[in-house]
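Residue strings, one per chain:
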Amino acid sequence: MNIAELAQDHVSKDRLNRTLVELAQFGGRSDGGVSRETLTDIDKASRRYLIDYARSLGCTVSIDDCGNLFFRREGLQNLPPVLTGSHADTQPVGGKYDGAYGVLAGLEVIAALNEAGVQTERPIEVVSWTNEEGSRFGPGAMGSSAFVQPDRLAEYRQSVDPQGIRFGNALDEALAECADVPRVAMARPMAACVELHIEQGPVLESAGTPLGVVSGIQAVRWFTVQCTGTMAHAGTTPMGVRRDAMVIANAIANELYALAPRTATAPGTPELRMTLGRWQVEPNSVNTIPGRVEFTVDMRSLDDSELDAAEQALYAACKKHSGESEAAVVSKFFHRAPTYFPEGMLQVIEKGCTRASGKSGCHPPMRLTSGAFHDAMYLADHCPTAMIFVPSVNGISHNAAEETDLKDLVLGVQALAYTVVALACE
Ligand code: HGY
Ligand code: MN
Ligand code: MN
Ligand code: MN
């Protein structure tokens, strides 16, 4: 039996479950979800939990200028490490597994190697990336994109959350609280990167397959649209003289939604996806005509030209509906083209998944693309990278009801263990 198989066989369901439950306490909600947005006090407390747990596994811990945390298990040779991990920040109303599962899975691989008492040739590093979600500070995948291209950090530090707090200030506070953690350079060479994540969609569950080999990630673009009218009295202002910012916002929103029709499609069918998720209305009063309406646009597609057309349609709609009130795209704050992972990495992942599924007598892995973006999309610019998915119950995520069967969670970690250790012994 080789050490990849040994590591896979030492993955512990109980230890994994314990750490998933423990981490979910940080921001745990009464509805079973988790609220742990990046660099909040709760997120910073969860960072300390991960640091302490990693140190208890014998890892050395380091942190970079974007607050990315690295948990390292030395190898026999001082070579570039194999990287795994994900993110520990969540949506405002998130689940227990989005991101957290990938970080804890990486630490479970290290615990399994410790228990097996074996050394890999290369070091293994588990990362917890800062601000993958982008829900508090845009854009998403900030930590991983800054790690790969450090000159992005200066601009990211200027990002402001809805309460007006600057990312740079929140980051400096978090770094100060990790003064006991040695600082490490960004853009360090990595031999390879494997990220394990829940699918967050319906494809694996509808196929009855517990392991997914992710071949690519769809493109994403984020915008802020601002509509400006005139605040006025809801009772005294004649309809014919109003400059109601909500009227123009609705007109633009309807045009955008019409680009992405709500037709039922088979799970995994590529389609344009449009979400207008965050709205701010001023003064947001029941009896004042909205003077200003600001909303965000999240558009996704595997086909970048489809997003080009949708982006042009957005600008055109703002122009077309401006008149009594004005509308404009005031910021474009996230733009990532589609990402495809190298065939060689897909085959390594497939081998790890096949051994894990074979041992548990379930369906062999299937290939799919990711509807969600992930930190792995930026690591693909830095080193050979790929992802493993496990199913999401009812395809639900970014919701307190997010769930994955424990047997599938364990299977994913077994596949990860085999893959990471095999890569670390090459
Ligand atoms: O939005 C995304 O795709 C990721 O889950 N943050
Ligand atoms: Mn995620
Ligand atoms: Mn997410
Ligand atoms: Mn009054």
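Cut-off values and rules
Residues numbered from 1 in each chain as written. Chains lettered and ligands numbered in written order. Predicted model: local features only at pLDDT ≥ 70, side-chain atom pairs only at ≥ 80, totals over all residues. Heavy atoms only, no water. Helix = DSSP H or I, 4+ residues; strand = E, 2+ residues; numbered from the N terminus. Rg over C-alpha atoms; globule rule 2.2 N^0.38 Å. Buried < 20%, exposed > 50% of the residue type's maximum accessible area, 1.4 Å probe, protein only. Contact = heavy atoms within 4.5 Å. Areas by Shrake-Rupley, 256 points an atom, 1.4 Å probe, with all protein chains shown as cover. Donors = N, O, S within 2.8 Å, 3.2 Å for Na, K, Ca; no water. Expected span 1.5 Å × (residues − 1). UniProt positions renumbered as here; feature names shortened; annotations may be inferred. Axes fitted to C-alpha atoms, helices over the stretch in contact; angles between N-to-C directions. Parallel < 35°, antiparallel > 145°, perpendicular 65-115°, else oblique. Domains from an automatic or database assignment. Salt bridge = Lys/Arg side-chain N within 4 Å of Asp/Glu carboxyl O. Nonpolar A, V, L, I, M, F, W, Y, C, P; charged D, E, K, R; others polar.

Undergrad: What is the right way to look at the overall build of the chain in this model?
TA: Along its length, the chain carries 13 helices and 16 strands. Here the chain has a C-alpha radius of gyration of 23 Å; the compact-globule value for 426 residues is 22 Å, and the two agree. Summarising its shape, the C-alpha atoms of the chain cover approximately 80 × 50 × 40 Å along the three principal directions. A burial count over the chain gives 55% of its 426 residues as buried. Put simply, 79% of the contacts in the chain that link residues at least 6 apart link residues at least 24 apart. As presented, the chain carries roughly 16500 Å² of accessible surface, and 53% of it is formed by carbon and sulfur atoms.

Undergrad: How do you make sense of the coordination of the manganese ion (ligand 2) when you look at a structure like this?
TA: Tetrahedral coordination by four donors puts the ideal angle at the metal at 109.5 degrees, and octahedral coordination by six puts it at 90 or 180 degrees. The protein atoms that coordinate the manganese ion (ligand 2) are H87 (NE2), D98 (OD) and H197 (NE2), at distances of 2.1 to 2.3 Å. Here the donor residues for the manganese ion (ligand 2) map to a single chain with the spacing H-x10-D-x98-H. A gap of 3.6 Å separates the manganese ion (ligand 2) and the manganese ion (ligand 3), which D98 links by coordinating each metal. Highlighted residues: H87 in strand β3 (residues 82-87) and D98 in the loop between β3 and α4 (100-116), separated in sequence by 11 residues. Judged by relative accessible area, which is 0%, H87 ranks as buried.

Undergrad: Can you help me understand helix α3 (residues 41-56) in this one?
TA: At 3.6 residues per turn, the α-helix brings residues three or four places apart onto the same side. Taking 1.5 Å as the rise per residue, α3 with 16 residues should run 22 Å; its terminal C-alpha atoms sit 23 Å apart, in good agreement. The complete set of buried residues in α3 reads D43, K44, S46, R47, Y49, L50, I51, Y53 and A54. Contact partners of the buried residues in α3: α2 (13-24), β1 (60-63), β2 (69-73), α4, β4 (124-129) and α7 (167-176). Phi for G58, located one or two positions after α3, is positive at around 90°.

Undergrad: Honestly, the UniProt feature "domain: Peptidase M20 dimerisation" (unreviewed entry) in the chain in this entry has me stumped. Any pointers?
TA: In the numbering used here, UniProt assigns the feature "domain: Peptidase M20 dimerisation" (unreviewed entry) to residues 221-324. The annotated region residues 221-324 carries 32% helix and 28% strand content, and the separation between its end C-alpha atoms amounts to 29 Å.

Undergrad: What's the story with the packing of α2 against helix α13 (residues 406-424) in this structure? I'm lost.
TA: When two helices pack together, you describe them by how their axes are tilted relative to each other and by the distance separating the axes. For the pair α2 and α13, the least separation of the axes is 10 Å and the interaxial angle reads 105°. It follows that α2 is roughly perpendicular to α13 by the angle criterion. Where α2 abuts α13, its residues K13, L16, N17 and L20 lie against L406, L409, V410 and V413.

Undergrad: What is the right way to look at the coordination of the manganese ion (ligand 3) in this model?
TA: Here the manganese ion (ligand 3) is held by D98 (OD), E133 (OE), E133 (OE) and H398 (NE2), and the distances to it run 2.2 to 2.5 Å. Given a relative accessible area of 40%, H398 falls into the partly exposed group.

Undergrad: I tried to follow the domain arrangement of the chain on my own but got confused; where do I start?
TA: By convention, interface size is frequently given as the accessible area that disappears when the constituent parts associate. Looking at the assigned domains, one finds that the chain contains domain 1 (3-217 + 339-424) and domain 2 (219-336). In this assembly, 20 residues from domain 1 lie in contact with 13 residues from domain 2. The interface formed by domain 1 and domain 2 includes one salt bridge. R336 is the salt-bridge partner of D381, the closest N and O atoms lying 2.8 Å from each other. Considered class by class, the residues forming the side of domain 1 that touches domain 2 number 10 nonpolar, eight polar and two charged.

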